[in-house]
Amino acid sequence: MLLELFPYLSPLLIEEVERRPDKVVLRTRVRAATAVCRCGQSSPRVHGRYVRELRDVAVGGLGVVIELSIRRFRCENSACPAVTFAEQITGLTTPHSRQTPLLRGVLTQIGLAMAGRAGARLASAVGITVGKDALLRLVRALPDPEVGEVEVLGVDDFAFRKGRHYGTVLIDMATHRPLHLYDGREGEDLAAWLRNHPEVQVICRDRSSGYSEGARVGAPQAQQVADRYHLWANLGQAVEKTVNGYRSRLAEPPSEPADAPGEPQVVQPLAELKIVIRLREQHAAAHELWQQGMSKAAIGRKLGLHQATVRKLVNARSADDVVAKNLQRAHVVDPYVGYLHRRWNEGVRNAAQLCREIQAQGYPGGELAVQRHLRRYRTGRGHAPDPGPKPPSFREVTSWIMTHPEHLRDENTDKLHRLRERDPDLDRLTGHVRRFAVMMTARHGDRLEDWITGAEQDSLAPLASFAHNLRRDFDAVRNGLSLPHSSGAVEGNINRLKMLKRQMFGRAGLDLLRKRVLLAR
């Protein structure tokens, strides 16, 4: 029965089977009377015996241990440097190994899939005892797969430590299989790999200048294709910068207040938030010091601010541009502000009662948020001014502009339409974005020159800068907008690589990470 389950045990004679609480022990010896030396000479002369213990795959949740009586033979070949040799059983033993090839293969696959700690826990659950370091050694010992012929290559970087240490991964776009992974993202390393693979005809990449130069030097015969995902992402960044500069224009003009009988003539103004007051003071102080000729670093040291904060304050044309982001910050009470304002002016000042009333209308928050909102009205207990509709945030407007018109909700479509009617700059920005979207989705790369010219001549500085940068990589961008190739498979592999890297946090050296990326499929 055992020989039917484990055919690789057929050369053995099983003398005893012992079951223990945590494992099954098979005491065996070899059936054959002779053994073959590594020089190829067969010998029947037994020199000695010893017991070799091998671990095999688990059965029924119990580990399997094979106690194998091994004979050492004398080699009868006088020219052989080995005087004696131990017999080896094909498919069962390998020199110096305490595991059968089957168990070694199972543990290697567990190590590839789960890495060290998680792999050791999984192996223990199925009856195999192994350490996390042993699993990682098995993974490191695997040979690299053959690369083969590659016609379409994908290139992208990934972060070992974001902002400090990066690596590069190369992908076969036909099979979506990782081919190579190396430290750094310099063009020279990419060029060196490409020189060994002259069959590459297309290189899909992002708009990194290092990869561009490496592809040009290492594979001058290949077409470079700038990925459409990165193009659209870069355009979105330009749109966000543009809209962010126009935050003060996003609010709709106030409507004429309706005459309300009995409404007092004097209303209590809303107090500014503490963070808004602080930002206005910091903006005034930073501009005063900047006009005195101080550097941004010196201003940061004097005011106790980070250099990035000083840069934001100095570059802002007015304090309103700095505080607009805080004023536009979304809050759970925002949809019910109008109702709370009306009820407050009607004389209802109890926060618990008002909270219950708006909860009946669908308010998902708690009473504390309502109390904090009403706190601004309580000084003097006067009538509160109507705050009016809250303007959309610049990120909301950016999402409206970057979304296909057919996929926008009706309310957002109306808001964007009114915004475009009020502001000609945002109207032109939306037109540029939609023309680029049509060019990208319909593969009209021949229209790129006209689009770049139109964007450069416009007064929208971030968009003009984006268009100018497209000229530096014009051929690759035009290919990206014309050819069917994209870096989608590369981005998928990058996400998978991040998962593998985080799974081995603290142990993911380049050699180990490389093995898992290339072999764990």
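Scroll up for the structure.
Per chain, the residues get numbers from 1 upward, laid out in the order the sequence is written. Per-residue local features are limited, in this predicted model, to residues with pLDDT of at least 70; the limit for side-chain atom pairs, both in listing and counting, is 80 or more; totals at the level of whole chains, interfaces and linings are taken over all residues. Based on all heavy atoms of the structure, the side-chain values leave hydrogens and waters out of the count.

Student: Even after reading the chapter, I still don't get the overall build of the chain, so can you show me in this structure?
Tutor: The secondary structure content of the chain amounts to 22 helices and 12 strands. The globule rule used here is 2.2 Å times the number of residues to the 0.38 power, and the radius of gyration it is set against is calculated over C-alpha atoms. Here the C-alpha atoms of the chain give a radius of gyration of 36 Å, more than 25% beyond the 24 Å that 2.2 N^0.38 yields for 521 residues. Once the C-alpha set of the chain is aligned to its principal axes, its extents read approximately 115 × 65 × 50 Å. In the chain, which comprises 521 residues, the proportion classed as buried is 42%. Only heavy atoms matter for contacts: two residues are in contact if any of them lie within 4.5 Å across the pair. Across the chain, contacts joining residues at least 24 apart in sequence account for 60% of those joining residues at least 6 apart. On the chain, roughly 28900 Å² of surface is accessible, and the fraction owed to carbon and sulfur atoms is 51%. Asp and Glu are treated as the negative residues and Lys and Arg as the positive ones, with His and the ends of the chain left uncounted. The atoms used to mark charge sites are NZ of Lys, CZ of Arg, CG of Asp and CD of Glu. Each charge class in the chain was averaged separately, 78 positive and 59 negative side chains, and the resulting centres sit 8 Å apart. Secondary structure follows DSSP: runs of H or I at least 4 residues long count as helices, runs of E at least 2 residues long count as strands, and numbering of each begins at the N terminus. A simple rule labels every residue: compare its accessible area, found with a 1.4 Å probe on the protein chains alone, to the largest value its type can have, and call it buried under 20%, exposed over 50%, or partly exposed in between. Per-residue and other accessible areas follow the Shrake-Rupley method at a 1.4 Å probe size, with only the shown protein chains counted as cover for residues.

Student: Explain the environment of Ser78 here, please?
Tutor: Following the sequence through the fold, Ser78 ends up in the loop between β6 (62-74) and β7 (84-86). As a C-alpha pair, Ser78 and Asn196 span 118 residues in sequence and 47 Å in three-dimensional space.

Student: Would you take a moment to explain the packing of helix α17 (residues 424-441) against helix α18 (residues 448-457) for this structure?
Tutor: Angle between the axes and distance between the axes are the two parameters that describe a pair of packed helices. Orientation is described by lines fitted to C-alpha atoms, with helices fitted over the stretch in contact, and by angles between N-to-C directions that extend from 0 to 180 degrees. Here α17 crosses α18 at 165 degrees, and the two axes come no closer than 11 Å. In terms of orientation, α17 lies roughly antiparallel with respect to α18. For the pair α17 and α18, the sense of crossing is left-handed. Counted together, His432, Arg435, Phe436 and Met439 of α17 and Leu448, Trp451, Gly454 and Ala455 of α18 form the full contact between these two elements. Roughly parallel means an angle under 35 degrees; roughly antiparallel means over 145; roughly perpendicular covers 65 to 115; every other angle is labelled oblique. For any helix crossing, the convention is left-handed if the near helix is rotated counterclockwise from the far helix by under a right angle, and right-handed if that rotation is clockwise.

Student: What is the right way to look at the packing of helix α2 (residues 101-114) against helix α22 (residues 510-519) in this model?
Tutor: α22 packs onto α2 with a crossing angle of 100 degrees between their chain directions and a minimal axis gap of 9 Å. Considered as vectors, α2 and α22 are oriented roughly perpendicular to each other. Along its contact with α2, which presents Gly111, Leu112, Ala113 and Met114, the element α22 presents Lys515, Arg516 and Leu519. Residues were grouped as follows: Ala, Val, Leu, Ile, Met, Phe, Trp, Tyr, Cys and Pro as nonpolar; Asp, Glu, Lys and Arg as charged; and all remaining residues, including Gly, as polar. Residue classes in the contact of α2 with α22 are distributed as four nonpolar, one polar and two charged.

Student: Would you mind going over the nonpolar core with me for this structure?
Tutor: Side chains that are nonpolar tend, in soluble globular proteins, to be buried together. In this structure, Leu235, Val243, Phe436, Trp451 and Leu470 are the most contacted members of the largest nonpolar core, which totals 35 residues. Put simply, the parts of the chain that give this core at least two residues each are α7 (228-245), α15 (394-402), α16 (410-422), α17, α18, α19 (461-472) and α20 (474-480). Counting residues per element, this core draws most heavily on α17, which supplies six residues. Not counting chain neighbours up to four residues away, the residues in contact with Leu470 comprise Arg207, Leu231, Phe436, Leu448, Trp451, Ile452 and Val477. The term nonpolar core refers to a set of buried residues drawn from Ala, Val, Leu, Ile, Met, Phe, Trp, Tyr and Cys, joined through side-chain atoms within 4.5 Å.

Student: When you look at the pattern of salt bridges in this model, what are you seeing that I'm missing?
Tutor: Where charged atoms of side chains with opposite charge meet at close range, the side chains can pair. Put simply, a salt bridge is a Lys or Arg side-chain nitrogen that is within 4 Å of an Asp or Glu carboxyl oxygen. Here the structure, examined in full by the defined rule, presents 21 salt bridges. Across the pair Asp473 and Arg205 runs a salt bridge, and its minimum N-O distance is 2.8 Å. Taken together, the positions of Asp473 in the loop between α19 and α20 and Arg205 in strand β11 (residues 202-205) put the pair 268 residues apart, joining distant regions of the chain. The class for Arg205 is buried, based on a relative accessible area of 1%. The shortest N-O distance in the salt bridge between Arg342 and Glu346 comes to 3.1 Å. Relative accessible area serves as the criterion here: at 43%, Arg342 is assigned to the partly exposed category. A single salt-bridge network, built from bridges that share partners, covers Glu16, Glu18, Arg20, Arg27 and Glu67.

Student: Looking at this structure, how should I read the side chain of Asp227?
Tutor: Here Asp227 is to be found in the loop between β12 (223-226) and α7. In this structure, Asp227 is buried with no salt-bridge partner, the nearest side chain bearing the opposite charge being Arg228 at 6.1 Å. Separated by 3.4 Å, the side chain of Asp227 and the backbone nitrogen of Tyr229 make a polar contact. Those residues in contact with Asp227 that sit more than four places away from it in its chain are Arg205, Ser486 and Ser487. Polar contact is the term for a pair of N or O atoms within 3.5 Å; when the atoms are in protein, one must be able to donate a hydrogen and the other to accept it, and sequence-neighboring residues count only if both atoms are side-chain atoms.

Student: I'm lost on the layout of surface pockets in this one. Help?
Tutor: Here a cavity denotes grid points, spaced 1 Å and computed from the protein atoms alone, that fit a 1.4 Å probe unable to get out, and a pocket denotes an open set having protein on both sides within 12 Å along at least 5 of 7 lines; residues with an atom within 4 Å of a point are the lining. Grid points are joined across faces, edges and corners, and a volume is the space filled by probe spheres set on the points. Here the second largest pocket defines a volume of roughly 1200 Å³. The wall of the second largest pocket is formed by 46 residues, among which Asp156, Asp157, Asp206, Ser208 and His230 lie closest to the centre.

Student: Looking at this model, I keep getting lost on the sheet that holds strand β10 (residues 177-183). Mind explaining?
Tutor: Strands in a sheet are paired, the pairing made by backbone hydrogen bonds, and the direction either parallel or antiparallel. At least two bridges found by DSSP between two strands is the condition for calling them paired. One open sheet holds the five strands; their spatial order is β10-β9-β8-β11-β12, and the pairing between them is mixed. The two strands at the open ends of the sheet, each matched to only one other strand, are β10 and β12. For this sheet, the mean angle separating the axes of adjacent strands, direction not counted, is 25 degrees. Sheet analysis places strand β8 (residues 152-161) next to β11, joined by three bridges and oriented parallel. Each residue of the ladder has a partner; that of Gly154, found in β11, is Cys204.

Student: Please clarify how the pairing of strand β1 (residues 12-19) should be interpreted in this entry.
Tutor: The side chains of a regular strand alternate between the sheet's two faces. Pairing between β1 and strand β2 (residues 23-30): seven bridges, direction antiparallel. Opposite Glu16, over in β2, you have Arg27 as the bridge partner.

Student: What is the right way to read helix α6 (residues 209-218) from this model?
Tutor: An α-helical turn contains 3.6 residues, so any two residues separated by three or four positions project in the same direction. Looking at α6, one finds that the buried residues are Tyr211, Ser212, Gly214, Ala215 and Gly218. On its buried face, α6 is in contact with β8, β9 (165-172), β10, α5 (187-195), β11 and β12. The N-cap residue of α6 is Ser208: its side-chain oxygen and the backbone nitrogen of Gly210 are 3.3 Å apart.

Student: Is there a simple way to think about a negative patch on the surface in this case?
Tutor: By definition, no residue in a patch forms a salt bridge, and every one has over 30% relative accessible area; like charges are joined within 9 Å, nonpolar side chains (Val, Leu, Ile, Met, Phe, Trp, Tyr) within 5 Å. There is a patch of like negative charges on the surface, built from Asp183, Glu186, Glu188 and Asp189. Its place among the elements puts Asp183 in strand β10.

Student: What exactly am I supposed to notice about the environment of His417 here?
Tutor: Looking at where His417 falls in the secondary structure, it is placed in helix α16. The partly exposed category is assigned to His417, whose relative accessible area is 47%. Once the C-alpha coordinates of His417 and Gly304 are considered, the two residues, 113 residues apart in sequence, prove to be 43 Å apart.

Shape is all these values report; function is a separate question.
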